[in-house]
Amino acid sequence: MIEWQRGQTVDDIDTPALVLDIPTAERNIRRMADRFAGGPVRLRPHIKTHKTPLLAHKQMAAGAIGVTCAKLGEAEVMIRAGIPEILLATEVVGPAKVARLVALNRHAMVITVVDDADAARAISDAAKSAGLRIPTLVDIDVGQGRTGVSPGEPALALARQVAEMPGLSLVGLQGYEGHLQHLTSAAERERQCRAALKKLTDTADLLRGAGFSIEIVSTGGTGTSQFAGEHPGITEIQPGSYVVMDSHYGTVEGLGFEQALFIVTTVISKTRPDVAIVDAGMKAASIDSGMPLVRGIEGAEFFFAGDEYGRVVFDRPRSDVRVGDRITLVPSHCDTTINLHDHMWVMADGKLEEIWRIEARGEIR
Ligand SMILES: Cc1ncc(COP(=O)(O)O)c(C=O)c1O
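Residues numbered from 1 in each chain as written. Predicted model: local features only at pLDDT ≥ 70, side-chain atom pairs only at ≥ 80, totals over all residues.

1. Overview of the site of the ligand
Definition in use: Each residue receives a C-beta atom placed from its backbone. It is near a molecule or strand if this atom lies within 6 Å of it. Each residue gets one of three labels, nonpolar for Ala, Val, Leu, Ile, Met, Phe, Trp, Tyr, Cys and Pro, charged for Asp, Glu, Lys and Arg, and polar for the others, Gly among them.
Looking at the ligand, there are 13 residues lining it, with G221, T222, P239, G240 and S241 nearest. Split into classes, the residues belonging to the shell around the ligand amount to three nonpolar, ten polar and no charged.

2. Side note on the domain arrangement of the protein
What counts here: What marks off one domain from the next here is an automatic or database domain assignment. Throughout, a pair of residues is in contact if the C-beta atoms placed from their backbones lie within 7 Å. Runs of E in the DSSP output that reach at least two residues are strands. Runs of H or I that reach at least four are helices, and both are numbered from the N terminus.
Along its sequence, the protein is carved into domain 1 (22–243) and domain 2 (257–357). Between the C-alpha centres of domain 1 and domain 2 the distance comes to 34 Å. Between domain 1 and domain 2, the residue contacts involve 16 residues of the former and twelve residues of the latter. Sort the elements by how many residues they give to the side of domain 1 that touches domain 2 and helix α1 (residues 22–36) lands first, with seven residues. The residue inventory of the side of domain 1 that touches domain 2, partitioned by class, reads six nonpolar, six polar and four charged.

3. Regarding the environment of S225
Summarising the element assignment, S225 is placed in helix α8 (residues 225–228). Each C-alpha atom of the pair S225 and Q238 lies 7.9 Å from the other, and the pair is 13 residues apart in sequence. Excluding anything up to four places from it in sequence, S225 contacts M32, G220, I237 and P239.

4. Quick look at unusual backbone geometry
This is how the line gets drawn: Every C-beta atom is placed from the backbone, and the number of other C-beta atoms within 10 Å of a residue's own sets its class: buried at 20 or more, exposed at 12 or fewer, partly exposed in between.
The peptide bond linking T15 to P16 adopts the cis configuration, its omega dihedral lying at 0°. Here P16 shows up in the segment before β1 (17–21). With a phi close to 55°, K51 is a non-glycine residue in the positive phi region. Checked against the element boundaries, K51 lands in the loop between β2 (42–43) and α2 (53–61). For K51, a count of 28 C-beta atoms within 10 Å gives the class buried. Even without being a glycine, D349 presents a positive backbone phi close to 50°. Within the secondary structure layout, D349 lies in the loop between β16 (343–348) and β17 (351–357).

5. Overview of the pairing of strand β13 (residues 301–304)
Worth spelling out the cut-off: The criterion for strand pairing is that DSSP finds at least two bridges linking the strands in question.
Direction of pairing for β13 relative to strand β14 (residues 310–313): antiparallel, over a ladder of four bridges. Bridging across to β14, F302 finds its partner in V312. Counting the residues that bridge the hairpin from β13 to β14 gives five residues, and of these G306 lies at a positive phi of roughly 130°.

6. Topic: the nonpolar core
To keep things clear, this is the line we draw: As used throughout, a nonpolar core is a set of buried Ala, Val, Leu, Ile, Met, Phe, Trp, Tyr and Cys residues joined through C-beta atoms within 7 Å of each other.
Core analysis: the largest hydrophobic core is formed by 106 residues, its most contacted members being M78, I86, L88, I123 and V138. At six residues, the largest contribution of residues to this core is made by helix α7 (residues 186–209). When residues of this core are sorted by domain, at least three fall in each of domain 1 (22–243) and domain 2 (257–357). Setting aside chain neighbours within four positions, we find I86 in contact with G66, V67, C69, A75, M78, I79, A108, V110 and I111.

7. Points about the packing of helix α3 (residues 72–80) against helix α4 (residues 95–107)
The following threshold applies: For every element, the axis is a line fit to its C-alpha atoms; helices are fit only across the contacting stretch, and the angle between N-to-C directions ranges from 0 to 180 degrees. The cut-offs work like this: below 35 degrees is roughly parallel, past 145 is roughly antiparallel, 65 to 115 is roughly perpendicular, and the gaps in between are oblique. Left-handed is the label given to a crossing in which the near helix is rotated counterclockwise from the far helix by less than a right angle, and right-handed is the label when the rotation is clockwise.
Close contact between α3 and α4 brings their axes to 11 Å; oriented N to C, the two are set at 20°. Viewed along their axes, α3 and α4 adopt a mutual orientation that is roughly parallel. Viewed along their axes, α3 and α4 form a crossing whose handedness is left-handed. Of the residues in α4, those in contact with L72, A75, E76 and I79 of α3 are K97, R100, L101, L104 and H107. Considered class by class, the residues forming the contact of α3 with α4 number five nonpolar, one polar and three charged.

Written as structure tokens, this is what we have:
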């Protein structure tokens, strides 16, 4: 049970609390949307970052054509919240998931991606039995080495097979350049991004030349959205982190988005002059992209001190930091940190407005 009142400040709220500065998040949403407003490339933001329907609705209101999800569970949450069109960017494999994908397509449009003919056939068979044709993208590996068939002839061979499947409708390609998102140098990121995207758009041209109608060519994250959004032949982009940002993306040059997400902690022990122990550890902040940063205290560094504890080490004795004080952290990776929390404290001008449930938190299937 969370005790809260509108107007509370970080000094009053219960901790550890995942705090969203909503005016900043709204500025980020608007900034990304404005970059592509009226242009040929459309925005289908990835909601795996925030997992929160209210933020997805703000993205839709700013001009997004739908959202991208990583998991069926996320798509189920978004569809129940009224988002009409979803790109499910991860391969759907196994009878349980195929059944859920087909069920969702009865209520809304969930575009699926495939990189394997047998897996695609299983979806097609189930969709055909339900009297549906599911819009499908062939997933291309443009260099990340994760999912996707190789560009060029292997993609064409799979497209030919998919086109013969009665429960699928081949509508395009996806190729996500995830390995390039955090390249610090903007020039190097652009150079590698354009080379990766050429593989994708050349493959789209190859398929069109073979008679396929390729309406969707989807790619792009926060780090590459600018380049992907200008690359001829790309029709839509799927960035996620830009809404809230994190300290890892904070090291990437030239993005133009502001930090909107914080973890507010309380000092629960201060028995040494240059160390404070706070109430947030591994269960409140992820570490896959390094330690969170300490906000607003120069020379302070955060280290994990256990599941529920963090150690903030100062560069000098600090008698001004006392038990009960609040210390704010900047998450190192927004996606994995948000997934640790059930709620976010939504604040504007330092005052609590609402607490939102992170509806798709934990939706890993
Ligand atoms: C397939 C896919 N598309 C888009 C994104 C969004 O990337 P970002 O959060 O870096 O904007 C991700 C993130 O991992 C992804 O896996």
